[in-house]
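So the chains spell out like this:
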Amino acid sequence: GVDLSMYKVLNLCGNNLRMNGRTDIQDLIAANPPLVELYLHNNRLNDDDAVLIAQSLGRNIHLRRLDVGRNNIQERGMRALYEAVNDTSTLNALSDSNHSCLLEGLSKGFDIDAINSDSGSNGLCMNRMCKIHKLMADRYRRGGGNVPRLNSEMGGENSVLLAPYLMES
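Rules behind the numbers
Residues numbered from 1 in each chain as written. Predicted model: local features only at pLDDT ≥ 70, side-chain atom pairs only at ≥ 80, totals over all residues. Heavy atoms only, no water. Helix = DSSP H or I, 4+ residues; strand = E, 2+ residues; numbered from the N terminus. Buried < 20%, exposed > 50% of the residue type's maximum accessible area, 1.4 Å probe, protein only. Salt bridge = Lys/Arg side-chain N within 4 Å of Asp/Glu carboxyl O. Phe/Tyr/Trp six-rings, centres within 6.5 Å; stacked < 30°, edge-to-face > 60°. Contact = heavy atoms within 4.5 Å.

How would you summarise unusual backbone geometry if you had to cite specific residues and measurements?
Phi is mostly negative for residues that are not glycine, and the peptide bonds are mostly trans. With a phi angle near 55°, Asn-32 is a residue other than glycine that sits in the positive phi range. Mapped onto the secondary structure, Asn-32 falls in the loop between helix H1 (24-30) and strand S2 (37-39). In this structure, Arg-70 takes a positive phi of about 55° despite not being glycine. Inspection of the secondary structure puts Arg-70 in the loop between strand S3 (65-67) and helix H3 (75-85). In this structure Arg-70 comes out as exposed when scored by relative accessible area, which is 60%.

Hey, could you go over the environment of Met-126 for me, with residue numbers and the actual values?
For Met-126, the location among the structural elements is in helix H5 (residues 123-141). Judged by its relative accessible area of 31%, Met-126 falls in the partly exposed class.

Tell me about the pattern of salt bridges, and name the residues and values.
By the definition in use, this model includes seven salt bridges. For the salt bridge of Arg-79 with Glu-83, the shortest nitrogen-to-oxygen distance reads 3.9 Å. Taken as a pair, Arg-79 and Glu-83 lie in helix H3 at a separation of four residues, close to a single helical turn. Given a relative accessible area of 34%, Arg-79 falls into the partly exposed group. A salt bridge links Arg-141 to Asp-138; the nearest nitrogen and oxygen atoms lie 3.0 Å apart. Of this pair, Arg-141 and Asp-138 both sit in helix H5, three residues apart, which is roughly one turn of that helix. Exposure remark for Arg-141: the relative accessible area of 63% places this residue in the exposed category. A relative accessible area of 22% means that Asp-138 is categorised as partly exposed. Connected through salt bridges with shared partners, the residues Glu-75, Arg-79 and Glu-83 form a single ionic network.

How would you explain the packing of aromatic side chains if you had to name every residue and give the values?
With the rule as written, the count across this model stands at one aromatic pair. Relative to Phe-110, the ring of Tyr-82 has its centre 5.3 Å away and its plane inclined at 45°; by these criteria the two rings are tilted. On the criterion of sequence distance, the pair formed by Tyr-82 in helix H3 and Phe-110 in the loop between strand S4 (102-104) and H5 is long-range, its members being 28 residues apart. Note on Tyr-82: relative accessible area 14%, which makes it buried. Given the relative accessible area of 6%, Phe-110 is considered buried.

If you had to explain the environment of Tyr-39 to someone new, which residues and values would you point to?
If you trace the backbone, Tyr-39 turns up in strand S2. Judged by relative accessible area, which is 18%, Tyr-39 ranks as buried. For the pair formed by Tyr-39 and Val-68, sequence separation is 29 residues and the distance between their alpha carbons is 6.8 Å. For Tyr-39, the residues in contact, after removing those within four places along its chain, are Val-9, Leu-10, Asn-11, Leu-12, Cys-13, Arg-65 and Asp-67.

This is the structure in structure tokens:
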């Protein structure tokens, strides 16, 4: 095969790509190469492919843009991709989300406009802080405040690691 590990931009749009159980693209993303932009627009990727891509995003800090529009990706795949960059189930899950990759091509039901939009020199930190702030504000608006959730989520041994990000947001 072709060694894609040194490219910074890969445009694989409109190639009728199907993974058929292969994990080449997912393995490339997970290897965290210097790849900055990956365009997979207008192919034949499905939910299973999207789930594997989402899992690989967790280990990648270089990829800044991923376009998966106009594929056969449905709700399950879109949700997996969205949660890879914005898992709001707990503060720790959110903190562990990918903070560098701007997703393009998800359906309108996923609010991705402001997620991972800061790609400046301090982008990773700013993206993380913005997401934590938004989660805390949303929880407050829904009622019940943040204290009960913080008590349950910050009780583990890693609670001190997340505290500075809460204070900065």
